[in-house]
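# Tertiary structure, described
Here's the letter readout for the chains.
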Amino acid sequence: MNAEAPDFRWGVAMGAHQSEGNNIASDWWSIEHAPDTFVREPSGDAIDGYHRWAQDMDLAAAAGFTDYRFGIEWSRIEPADGAMSRAEVDHYRRLVQGCRERGMRPFLTLHHFTVPKWFADSGGWLRADAAQRFVRYVEALAPVIEEGVEYVGTINEPNMVAMFATLATGGPDALQAGLPEPDPRVAAAMVTVHRAARDVLKTRWPHLKVGWGISVQDFQPVAGSEDVFASYVHPRDEYFAEVSREDDWVGVQTYTRVRIAQRDGRPVEVLDDTAPTTLSGWEYYPSALGGAVRRIAAVVGEVPIIVTENGIATVDDAQRIAFTREALDSLWSAMKDGVDVRGYLHWSLLDNWEWGDFAPTFGLIAVDRSTFARTPKPSLAWLGQQANQRPRP
Ligand code: BGC
């Protein structure tokens, strides 16, 4: 860790469902195996992170990271309504212990897109008692938290969860204006659930630092769209960032930029077929990170920002290094201008399942899909060096 910046978190991020494998009690498992699914390849064994976490932590710690973001899978803790698994709670407790034994700080995510199938089938986030059900799960995690956790993110990308809801119900028009507008009922439910979980966590464990990670792309107004820009951006991420004003930190998760124009008095995304794109189909635009944190800082005021995801899907690891260097430069320039950023967690430590297939490879470490062997890419050591040597502005 850099001696001048003891409180800057340099880490890597992982999600539970994308790495663990065989989360058979989750709603996504059912979606992946439905006959008419959009999923090209189910998560299956994923990258067997459930069994290989110790090796993954060894690689992250050896590279020099101080923080390790991982997710807890609600459907493993509570596979049936009210039936908590002590063995699974103990599994995640051992992960916290494993981080600490290696000198890394665990950074927990309590919900990352997946919920237990029983919860989804009975109304999901729109259940009247959704917050109580989530809180009951959170309370079951006491042994995990008490093993030595300080940072907890309640919900990963609540805005994407609400956008998925629009896609699921919005029919073919839902995608016409680019990123769909989040379903307002699900968006409001996310806020209620987040506040309920945060209040329980902070009441029971006052030392915890609680927040959530929002998907924040670098939305840029093109000339002439200023009047409609806010009406595009506000429901998509700033609505959620406003809630973060009550929190200990806000997570910013950025991958690209999106330019917004005005057509017939309405905001529309500008699509440029000639722009270079990454394996996820997003424009290659590393400095989006600086733009994203600047915009969110203006919304959250004094609340510190942690970059809880940033990265690139590419087969070319030299491109990953170039992308990340430029992203960090843009972050540093925002920090020089006074934006309070307290950490950078790269997505992702390993290539993993990308919500439909394994093709978009975001990892600093490659995974052999048949043997699960891990092979670090040069970017792992490179980013670890940044963690140790890049002086803070
Ligand atoms: C999600 C991750 C995902 C990443 C890259 C984020 O929206 O939190 O689960 O893998 O983007 O697609």
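Relevant structure appears above.
This one's a predicted model, so the numbers in the text were calculated from it and none came from an experiment.

So, on to the nonpolar core. Looking at soluble globular proteins, one finds that nonpolar side chains tend to be buried together. By size, the foremost hydrophobic cluster in this structure holds 98 residues, and its most contacted members are F65, Y68, W125 and L331. Per-element accounting of this core gives the leading share, 8 residues, to helix α10 (residues 184-204). Apart from the residues lying within four places of it in its own chain, the contact partners of F65 are W10, G11, V12, A60, M104, L364, L380, L383, G384 and A387. F107, W249, A313 and L345 belong to the second-largest nonpolar core, a separate cluster that totals 10 residues.

Read across the sheet, 3 strands follow the order β6-β8-β9 without closing on themselves; strand pairing throughout is mixed. Strands with a single pairing partner mark the edges of an open sheet, and in this sheet they are β6 (218-221) and β9 (266-269). Here the average twist between neighbouring strands, direction ignored, is 35°. Here 4 bridges tie β6 to strand β8 (residues 257-263), and the two strands are oriented parallel to one another. Residue pairing in the sheet places Q220 in a bridge with R259 of β8. In the packing of helix α11 (residues 226-243) onto the sheet, the strands contacted are β6, β8 and β9, and the crossing angle to β6 comes to about 170°.

In total, this model carries 34 salt bridges according to the counting rule given. The partner of R295 in a salt bridge is D237, and the shortest N-O contact between them spans 2.8 Å. Note that R295 is positioned in helix α12 (residues 288-300) and D237 in helix α11, a separation of 58 residues in sequence. Assigned by exposure class, R295 and D237 land together as buried. Connected through salt bridges with shared partners, the residues E78, D81, R127, D129, R133 and R136 form a single ionic network.

In this section: the pairing of strand β4 (residues 151-156). Summarising burial for β4: 6 of the 6 residues are buried, a large majority. By the bridge criterion, 4 bridges tie strand β3 (residues 105-111) to β4 in an arrangement that is parallel. Across the sheet, residue H111 finds its bridge partner in β4, namely I155.

Looking at the ligand, there are 13 residues lining it, with Q18, H112, E157, E309 and E354 nearest. Q18 is positioned with one of its side-chain polar atoms (N or O) 2.7 Å from an oxygen atom of the ligand. At a separation of 2.9 Å, an oxygen atom of the ligand approaches a polar side-chain atom of N156. In isolation the ligand exposes 310 Å². Once the protein is present, 92% of that is buried.

For the peptide bond that leads from W347 to S348, omega is 10°, which places it in the cis range. Positionally, S348 belongs in the loop between β11 (341-347) and β12 (365-367). Positive phi outside glycine occurs at N22, with the angle close to 55°. Its location among the elements puts N22 in the loop between α1 (16-19) and α2 (27-33). A positive phi angle, close to 50°, is found at A46, a residue other than glycine. Within the secondary structure, A46 sits in the loop between α2 and α3 (49-63).

All right, on to the packing of α11 against α12 then. Angle between the axes and distance between the axes are the two parameters that describe a pair of packed helices. Here α11 crosses α12 at 55°, and the two axes come no closer than 9 Å. When the axis of α11 is compared with that of α12, the two are oblique. Seen from above, α11 lies across α12 with right-handed handedness. Residue-level contacts link V233, D237, E238, A241 and E242 of α11 to R295, I296, V299 and V300 of α12. Tallied by class, residues from the contact of α11 with α12 come to 5 nonpolar, no polar and 4 charged.

Moving on to the pairing of strand β10 (residues 305-310). Along β10, 6 of the 6 residues are buried, which leaves the element largely enclosed by surrounding structure. For strand β7 (residues 250-254) and β10, the ladder comprises 5 bridges, and the chain directions are parallel. Paired with T254 across the bridge in β10 is N310. As judged from the 2 bridges shared by β10 and β11, these two strands associate in the parallel manner. Within β11, the residue paired with I305 across the bridge is V341.

The next thing to look at is the sheet that holds β10. Strand order in this closed barrel of 8 strands is β1-β2-β3-β4-β5-β7-β10-β11, and the pairing throughout is parallel. Neighbouring strand axes in the sheet, compared pairwise and without regard to direction, differ in orientation by 25° on average.

What counts, and at which threshold
All residue numbers here refer to positions counted from 1 along the written sequence of the relevant chain. pLDDT decides what is reported in this predicted model: residues at 70 or higher carry local features, side-chain atom pairs at 80 or more are listed and counted, and totals for whole chains, interfaces and linings draw on all residues regardless. Hydrogens and water molecules were not included; the side-chain quantities draw on all heavy atoms of the structure. Note on terminology: a nonpolar core comprises buried Ala, Val, Leu, Ile, Met, Phe, Trp, Tyr and Cys residues joined through side-chain atoms within 4.5 Å. Between buried and exposed lies partly exposed: a residue is buried under 20% and exposed over 50% of the maximum accessible area for its type, with that area taken using a 1.4 Å probe on protein chains only. Counting from the N terminus, the helices are the DSSP runs of H or I reaching at least four residues and the strands are the DSSP runs of E reaching at least two. By definition, residues are in contact when any of their heavy atoms lie within 4.5 Å. Strands pair, by our definition, only if DSSP identifies at least two bridges between them. To obtain each axis, a line is fitted to C-alpha atoms, and for helices this fit is confined to the stretch in contact; angles are then taken between N-to-C directions over 0 to 180 degrees. Any Lys or Arg side-chain nitrogen located within 4 Å of an Asp or Glu carboxyl oxygen qualifies as a salt bridge. Each residue is tested against the molecule or strand, and it is near if at least one of its non-hydrogen atoms lies within 4 Å. Pairs of N or O atoms are called polar contacts if they sit within 3.5 Å, as long as, within protein, a hydrogen donor faces a hydrogen acceptor (for residues adjacent in sequence, only side-chain-to-side-chain pairs). Note that accessible areas follow from Shrake-Rupley with a 1.4 Å probe, and for residues the cover is restricted to the protein chains shown. Under this scheme an angle from 65 to 115 degrees is roughly perpendicular, one under 35 degrees roughly parallel, and one over 145 degrees roughly antiparallel; angles in between are oblique. Left-handed describes a crossing whose near helix is turned anticlockwise from the far helix through less than a right angle; right-handed describes the clockwise counterpart. Residues are grouped as follows: Ala, Val, Leu, Ile, Met, Phe, Trp, Tyr, Cys and Pro are nonpolar; Asp, Glu, Lys and Arg are charged; all remaining types, including Gly, are polar.

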